Amino acid sequence: MGAGTWNLGEPTTRRPRFTEAEILALVEEVERREHVILGKHDMRAGVTESTKRYAWEEVCDCVNAVSHVERSVEELKRKFRDLKAQVKSKSAAEMKDVGATGGGPPANVEYSEDELVLLRMQAPIAATGAPYPDSEGQPLLNQQEKSPHHRPHPVSDDPVRYDPVP
């Protein structure tokens, strides 16, 4: 059922769009918990399904603190997934333009603050693609040389740590 259709006599409505403040809070809070939220399950590192769920609940609380609309964990996960995909395609389009031949000025791609945070979280190869090897099998360009926006991930002053759940 789409927006505006009737479901058991009740009209369905669309959720309000995310504000810039909500998006920035979402991206920054996920970055603080990146090792848990985006990490693989690893009991030795304390990354379990329950720690991931707890981390997402903390992100949800932080986003809801700046929001005028109550957001759910599932809604935030979906939004974060969509934001990552948008930034990845924007970065890929930029890299395609960098490698293009022909005249004309290069494309001027502007990234918002939240997009820059997402670019830092992505692995360089995810944003730029694998380099073509030369005849000896060595990459032609270092990934950091190829990507104009890649910066080493800064060490957060206050990373969130989780104790393994027994």
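Below or above, wherever it landed, is the structure these notes cover. Note that the structure is predicted; figures quoted are calculated from it, not measured.

### Quick look at the overall build of the chain
Along its length, the chain carries seven helices and two strands. The helix and strand sequence of the chain, counted from the amino end, reads β-β-α-α-α-α-α-α-α. Here the chain, with 166 residues, has 32% of them falling under the buried criterion. Taking contacts inside the chain between residues at least 6 apart in sequence as the whole, the part at least 24 apart equals 60%. Approximately 11200 Å² of the chain is accessible, and the part contributed by carbon and sulfur atoms is 53%.

### Points about helix 3 (residues 49–66)
Between its terminal C-alpha atoms helix 3 stretches 26 Å, which fits the 26 Å expected from 18 residues at 1.5 Å a residue. Along helix 3, the residues that are buried comprise Thr51, Lys52, Ala55, Trp56, Glu58, Val59, Cys60, Val63 and Asn64. Those residues of helix 3 that are buried are in contact with helix 1 (20–32), helix 2 (34–37) and helix 4 (73–98).

### Details of the layout of surface pockets
Each pocket or cavity is described by its volume, and for the largest pocket that value is around 380 Å³. Forming the boundary of the largest pocket are Arg14, Arg15, Pro16, Arg17, Phe18, Arg71, Glu75, Arg78, Lys79, Asp82 and Gln86. Taken together, the residues of the lining of the largest pocket break down into two nonpolar, one polar and eight charged.

### Side note on the pattern of salt bridges
Scanning all chains against the criterion turns up 11 salt bridges. For Arg15, the salt bridge is made with Glu75, and the minimal N-O distance between the two is 3.2 Å. Taken together, the residues span a long stretch of sequence, with Arg15 in the loop between strand 2 (10–11) and helix 1 and Glu75 in helix 4 at a distance of 60 residues. Here Glu75 falls in the buried class, since its relative accessible area comes to 9%. In this structure, the salt-bridge partner of Arg71 is Glu75, at a minimum N-O distance of 2.7 Å. For the pair formed by Arg71 and Glu75, the shared burial category is buried. The structure contains a network of salt bridges with shared partners spanning Arg15, Glu22, Arg71 and Glu75.

### Considerations on the packing of helix 4 against helix 5 (residues 113–121)
Helix-helix packing is described using two parameters, namely the angle between the two axes and the distance between the axes. Remark: helix 4 packs on helix 5, axes separated minimally by 10 Å, with the N-to-C direction vectors making an angle of 85°. Between helix 4 and helix 5, the interaxial angle falls into the category roughly perpendicular. Here helix 4 contributes Phe80, Leu83, Lys84, Val87, Lys90 and Ser91 to the contact with helix 5, which in turn contributes Glu115, Leu118, Leu119 and Met121. Each residue belonging to the contact of helix 4 with helix 5 can be placed in one class, and the counts come to six nonpolar, one polar and three charged.

### Notes on the nonpolar core
Ranked by internal contacts, the top residues of the largest apolar core, which has 22 residues, are Leu26, Val30, Trp56, Val59 and Leu76. Among all residues touching Trp56, those that are not within four sequence positions of it are Leu26, Val30, Ile37, Val73, Leu76, Lys77 and Phe80.

The rules we used
- Residues numbered from 1 in each chain as written.
- Predicted model: local features only at pLDDT ≥ 70, side-chain atom pairs only at ≥ 80, totals over all residues.
- Heavy atoms only, no water.
- Helix = DSSP H or I, 4+ residues; strand = E, 2+ residues; numbered from the N terminus.
- Buried < 20%, exposed > 50% of the residue type's maximum accessible area, 1.4 Å probe, protein only.
- Contact = heavy atoms within 4.5 Å.
- Areas by Shrake-Rupley, 256 points an atom, 1.4 Å probe, with all protein chains shown as cover.
- Expected span 1.5 Å × (residues − 1).
- 1 Å grid on protein atoms, 1.4 Å probe; cavity = no way out; pocket = protein on both sides within 12 Å on 5 of 7 lines; lining within 4 Å.
- Points joined across faces, edges and corners; volume = space filled by probe spheres on them.
- Nonpolar A, V, L, I, M, F, W, Y, C, P; charged D, E, K, R; others polar.
- Salt bridge = Lys/Arg side-chain N within 4 Å of Asp/Glu carboxyl O.
- Axes fitted to C-alpha atoms, helices over the stretch in contact; angles between N-to-C directions.
- Parallel < 35°, antiparallel > 145°, perpendicular 65-115°, else oblique.
- Core = buried A, V, L, I, M, F, W, Y, C linked by side-chain atoms within 4.5 Å.

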